[in-house]
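# Structure assessment
Each chain, letter by letter, is given below.
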Amino acid sequence: MSENKTKLTPQNVISFINSVEPEKRVKEGLILNDVFEQATGEKAKMWGSGIIGYGTYHYKYESGREGDAPRTGFSPRKSKLSVYIMGNHERYADEFAKLGKYTTGKSCVYVNKLEDIDLQVLGTLIKKSYDYMGNKTWP
């Protein structure tokens, strides 16, 4: 079985955020870090080379693959901000209806710029996702 690529690292979160491009992503990354820390009560930690995570959970799949991952987090990518909201998106339909302009992937919410979304609603989504992952059980 292959080794997990996304692991907890000792890299400094603020140093990482300050290194991202374009410059606008630095400001947005610092704002998102504050929103996540407030919503989760956790200090940010780096996972892999570009994911800023909050809290941890241990997973184990029926295949036998297992590991640790952040309960929620984000990545200030050059083209879009990737926000990791765990659990199916239907679970958070009320919040998504109020969030603003975004697109989604399986466990990601993609945002072009923070001005496109309501940060208070995002904080609620983060909190609900964080709580959901803290209560999730694995086979």
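See the structure above.
The following refers to the structure shown.

Parameters at a glance
Each chain carries its own residue numbering, running from 1 in the direction its sequence is written. Reporting in this predicted model follows two pLDDT cut-offs: at least 70 for local features of residues, and 80 or more for side-chain atom pairs to be given and counted; totals over whole chains, interfaces and linings ignore these cut-offs and use all residues. As a convention, hydrogens and water are excluded, and side-chain values are obtained from all of the structure's heavy atoms. In DSSP terms, a helix is any run of H or I states spanning at least four residues, a strand is any run of E spanning at least two, and both are numbered starting from the N terminus. When we talk radius of gyration, it's over C-alpha atoms, and the globule rule is simply 2.2 Å times the number of residues to the 0.38. Summary of the burial criterion: residues with accessible area below 20% of their type's maximum are buried, those above 50% are exposed, and those between are partly exposed, where the area comes from a 1.4 Å probe applied to protein chains only. Any two residues whose heavy atoms approach within 4.5 Å at even a single point are treated as in contact. Using a 1.4 Å probe, accessible areas were evaluated by the Shrake-Rupley method; residue-level cover was limited to the displayed protein chains. Under this rule, positive means Lys or Arg and negative means Asp or Glu; His and the chain ends count for nothing. Charge placement uses NZ in Lys and CZ in Arg. For Asp and Glu, CG and CD serve respectively. By this definition, two strands are paired if DSSP reports at least two bridges between them. To get an axis, fit a line to the C-alpha atoms, keeping to the stretch in contact for a helix; angles then go from 0 to 180 degrees between the N-to-C directions. Two N or O atoms form a polar contact when they lie within 3.5 Å of each other; inside protein one atom must be a possible hydrogen donor and the other a possible acceptor, and for residues adjacent in sequence the pair counts only when both atoms belong to side chains. In this analysis, the expected span of each helix is defined as 1.5 Å times one less than the number of residues it contains. Convention used here: angles under 35 degrees read as roughly parallel, angles over 145 as roughly antiparallel, angles from 65 to 115 as roughly perpendicular, and any remaining angle as oblique. Left-handed is the label given to a crossing in which the near helix is rotated counterclockwise from the far helix by less than a right angle, and right-handed is the label when the rotation is clockwise. Each residue is assigned to one class: nonpolar for Ala, Val, Leu, Ile, Met, Phe, Trp, Tyr, Cys and Pro, charged for Asp, Glu, Lys and Arg, and polar for all the others, Gly among them.

Turning to the overall build of the protein chain, a few remarks are in order. Secondary structure assignment for the protein chain yields four helices and seven strands. Ordering the α and β elements of the protein chain from the N terminus gives β-α-α-β-β-β-β-α-β-β-α. For the protein chain, the C-alpha radius of gyration of 15 Å lies close to 14 Å, the compact-globule estimate for 139 residues. Viewed in the frame of its principal axes, the protein chain has a C-alpha envelope of about 40 × 35 × 25 Å. In the protein chain, which comprises 139 residues, the proportion classed as buried is 45%. Taking contacts inside the protein chain between residues at least 6 apart in sequence as the whole, the part at least 24 apart equals 54%. In the form shown here, the protein chain has an accessible surface area of approximately 7900 Å², with 49% of it arising from carbon and sulfur atoms. When the 21 positive and 17 negative side-chain charges of the protein chain are each reduced to one mean point, those points stand 3 Å apart.

The next thing to look at is the sheet that holds strand S3 (residues 51-60). To summarise the sheet geometry, strands pair through backbone hydrogen bonds and adopt either a parallel or an antiparallel arrangement. Spatial strand order, S1-S2-S3-S4-S5-S7-S6: seven strands in an open sheet with antiparallel pairing. Two strands bound the open sheet, and with one partner strand each, they are strand S1 (8-9) and strand S6 (103-104). The pairing of strand S2 (residues 45-47) with S3 spans three bridges and is antiparallel. Along S3, the bridge assignment pairs Met 46 with Ile 52. Contacts from helix H2 (residues 23-40) reach S3, strand S4 (66-76), strand S5 (81-84) and strand S7 (108-111) within the one sheet, and its direction differs from that of S4 by about 130°. Across the sheet, helix H4 (residues 119-135) touches S3, S4 and S5, and the angle it forms with S4 is around 175°.

Turning our attention to the side chain of Thr 40. Tracing the sequence through the fold places Thr 40 in helix H2. A residue is classified by how much of its surface remains accessible, and Thr 40, at 10% relative accessible area, is buried. Within the local environment of Thr 40, its side chain forms a polar contact with the backbone oxygen of Phe 36, the two atoms lying 2.8 Å apart. One polar contact links the side chain of Thr 40 to the main-chain amide nitrogen of Glu 42, over a distance of 3.1 Å. Ignoring anything within four residues of it in the chain, the contact list for Thr 40 reads Tyr 54, Thr 72, Ile 126 and Tyr 130.

Its 18 residues give H2 an end-to-end C-alpha distance of 26 Å, which sits within 8% of 26 Å, the value for a rise of 1.5 Å per residue. Turning to H2, its buried residues number three or more, namely Arg 25, Val 26, Glu 28, Gly 29, Leu 32, Asn 33, Val 35, Phe 36, Glu 37, Ala 39 and Thr 40. Each element contacted by the buried residues of H2 is listed here: helix H1 (13-19), S3, S4, S5, S7 and H4.

Axis separation between H2 and H4 bottoms out at 9 Å; the angle between their running directions is 50°. One element, H2, and the other, H4, form an angle in the oblique class. Note on packing geometry: the crossing formed by H2 with H4 is right-handed. Contacts from Ile 31, Leu 32, Val 35, Phe 36, Ala 39 and Thr 40 in H2 reach Leu 119, Leu 122, Gly 123, Ile 126, Lys 127 and Tyr 130 in H4. For the contact of H2 with H4, the residue count by class is nine nonpolar, two polar and one charged.

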